[in-house]
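# Coordinates in review
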Amino acid sequence: MEDLPINLSIPKHKPLFTNILIIAIAIMFLIQILLVYITGEPESVLIKLGAKWNYGIEHGEYYRFITCAFLHGSIVHLLLNLVTLNAFGKELESIFGNYRFLLIFFISAWGASLTSFIFSPYLAIGASGAVFGIIGGLTVFFYKQRGKLVNSNAKFKSMYTLAGLNLIFGFLIPNIDYSAHIGGLLIGGITSFFISPEYIIDTNSLIIKEKNKQAYETFGLLIICIILCFVSLFSTN
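The model shown is predicted, which means the values in this text are computed figures rather than measured ones.

## Describing the confidence of the model for the protein chain
Interpretation of the predicted coordinates at a detailed level should be avoided for regions scoring low in pLDDT. Considering every residue of the protein chain, the mean pLDDT works out to 90; 94% of them sit at 70 or more. A low-confidence stretch, residues 1-7 stays under pLDDT 50, and its non-local contacts, those more than four residues away or across chains, total 17 contacts.

Given below as structure tokens:
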């Protein structure tokens, strides 16, 4: 790949699914509040709405690996995740495109919940595992673009510093499922390694274009999903 001239910018996509996910998560939180108000049983409501509940997963409720990312335990928990998702989700979606962003979000949520299932017996909820996956995805992208894109070195350093600090906070703050954070970060980074965009310069028009690497991306996603499926099934038996 050629070095990119300083006066050229990479192709960007208009964020769409970041906003949709934020709205969906906010709606689910309102539904939680309403149901808890009606029933007076917050834990029961979370289980019914799809929290990461090890007993349910052990009995075939694998959807919980994803649905738990749409539930939150408090307004502070919700706002922290939504603010972070809004900032870094939109950045990743603008670079990776709409569907690659969705893949990073849902695969990271799956990986985070699976890691939590393996290492923690407790009920777990929240989008933070998926958000860590987005941070991992951006970290890997900027790592691969070091010396090629303007400010990529600085961006890479800021992303891995952010990831490291948030992991440390996860260890220090009570009731934080740090295993989910680590799982989401790793799976998001690995997924990004395969599907993050790379660029070439059209020397005639001096326009930066994305390389076509669809076969490589498909192969990488297939391997990741096969491994996650295998571990999900193996760990529940």
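After that view, the rundown keeps rolling.
## Points about the pattern of salt bridges
In this structure the tally under the stated criterion is 5 salt bridges. With a shortest N-O distance of 2.8 Å, E217 and R100 are connected by a salt bridge. Of this pair, E217 sits in helix α10 (residues 214-235) while R100 sits in helix α6 (residues 98-119); the two residues are 117 residues apart in sequence, bridging distant segments of the chain. Here the two residues E217 and R100 agree in accessibility, since each one is buried. Three or more residues are tied together by salt bridges with common partners; here these are R100, E210 and E217.

## As for a nonpolar patch on the surface
Together, L165, I168, F169, F171, L172, I173, I176, Y178, I182, L186 and I190 make up an exposed nonpolar region whose accessible area comes to about 1,000 Å². In terms of residues, the nonpolar patch owes the most to one element, helix α8 (residues 152-172), which gives 5 residues.

## A look at the layout of surface pockets
Considered as a void within the structure, the largest pocket measures approximately 1,200 Å³ in volume. Breaking the lining of the largest pocket down by element, the ones donating at least two residues are α2 (42-49), α5 (75-96), α6, α7 (128-144), α8 and α9 (178-195). The dominant element in the lining of the largest pocket, judged by the number of residues it contributes, is α7, at 6 residues.

## Some details on the packing of aromatic side chains
Centre-to-centre distance and the angle between the planes together describe a pair of aromatic rings. Enumeration according to the criterion identifies 16 aromatic pairs in this entry. Their ring planes at 65 degrees and their centres at 4.9 Å tell us that F156 and Y160 sit as a pair that is edge-to-face. A residue pair is termed a helical-turn pair when its members lie 3 or 4 positions apart in one helix, as F156 and Y160 do in helix α8 at 4 residues. You can call F156 buried: its relative accessible area is 17%.

## Focus: the packing of α9 against α10
At a minimum axis separation of 8 Å, α9 and α10 run at an interaxial angle of 155 degrees. As summarised for this structure, α9 and α10 are arranged roughly antiparallel, according to the angle between their axes. Facing α9, whose interface residues are I187, I190, T191, F193, F194 and I195, α10 presents Y216, E217, G220, L221, I224 and L228.

## Here we look at the nonpolar core
Residues L85, I95, F101, I134, L138 and F141 are the most contacted members of the largest nonpolar core, which totals 54 residues. Of all the elements, α6 adds the most residues to this core, at 9 residues. The contacts of L138, once residues within four sequence positions are left out, are F88, E91, L92, I95 and M159.

## Some words on the side chain of T18
For T18, the position within the fold is in helix α1 (residues 17-39). A distance of 3.4 Å separates a polar side-chain atom of T18 from the backbone oxygen of G89. Contacts of T18, omitting those with residues within four sequence positions, involve L85, N86, G89, K90, E93 and F101.

## Some points on α1
Its 23 residues place the ends of α1 32 Å apart at the C-alpha level, agreeing with the 33 Å of an ideal helix rising 1.5 Å per residue. Those residues of α1 lying buried are F17, T18, L21, I22, I25, M28, F29 and Q32. Each element contacted by the buried residues of α1 is listed here: α2, α5 and α6. Of the residues trailing α1, G40 is marked for its positive phi of about 70 degrees.

## A short note on the environment of I27
As for its placement among the helices and strands, I27 is situated in helix α1. Taking the C-alpha atoms as reference points, I27 and F70, 43 residues apart in sequence, are found 9.1 Å from one another.

## As for the packing of α6 against α9
At a minimum axis distance of 7 Å, the contact between α6 and α9 shows a crossing angle of 145 degrees. As for the relative orientation of α6 and α9, their crossing is right-handed in sense. Contacts between α6 and α9 involve R100, L103, I104, I107, S108, G111, A112, T115, S116 and F119 on the former and, on the latter, S179, A180, G183, G184, I187, G188, T191, S192 and I195. Considering only residue class, the contact of α6 with α9 consists of 8 nonpolar, 10 polar and 1 charged.

## Digging into α8
Between its terminal C-alpha atoms α8 stretches 30 Å, which fits the 30 Å expected from 21 residues at 1.5 Å a residue. Every buried residue of α8 is listed here: S152, F156, M159, A163, L167 and G170. The buried residues of α8 occupy an angular sector of 70 degrees when the element is viewed end-on, so they sit on one face. Pointing more than 90 degrees away from the buried face of α8 are the exposed residues K157 and L172. Looking at the buried side of α8, the elements it contacts are α5, α7 and α9.

Basis of the calculations
Residues numbered from 1 in each chain as written. Predicted model: local features only at pLDDT ≥ 70, side-chain atom pairs only at ≥ 80, totals over all residues. Heavy atoms only, no water. pLDDT = per-residue confidence, 0-100. Contact = heavy atoms within 4.5 Å. Salt bridge = Lys/Arg side-chain N within 4 Å of Asp/Glu carboxyl O. Helix = DSSP H or I, 4+ residues; strand = E, 2+ residues; numbered from the N terminus. Buried < 20%, exposed > 50% of the residue type's maximum accessible area, 1.4 Å probe, protein only. Patch = residues over 30% accessible without salt bridge, like charges linked within 9 Å, V, L, I, M, F, W, Y side chains within 5 Å. Areas by Shrake-Rupley, 256 points an atom, 1.4 Å probe, with all protein chains shown as cover. 1 Å grid on protein atoms, 1.4 Å probe; cavity = no way out; pocket = protein on both sides within 12 Å on 5 of 7 lines; lining within 4 Å. Points joined across faces, edges and corners; volume = space filled by probe spheres on them. Phe/Tyr/Trp six-rings, centres within 6.5 Å; stacked < 30°, edge-to-face > 60°. Axes fitted to C-alpha atoms, helices over the stretch in contact; angles between N-to-C directions. Parallel < 35°, antiparallel > 145°, perpendicular 65-115°, else oblique. Core = buried A, V, L, I, M, F, W, Y, C linked by side-chain atoms within 4.5 Å. Polar contact = N/O pair within 3.5 Å; in protein donor to acceptor, adjacent residues only side chain to side chain. Expected span 1.5 Å × (residues − 1). Left-handed = near helix turned anticlockwise from the far one by under 90°. Nonpolar A, V, L, I, M, F, W, Y, C, P; charged D, E, K, R; others polar. Arc of directions from axis to C-beta.

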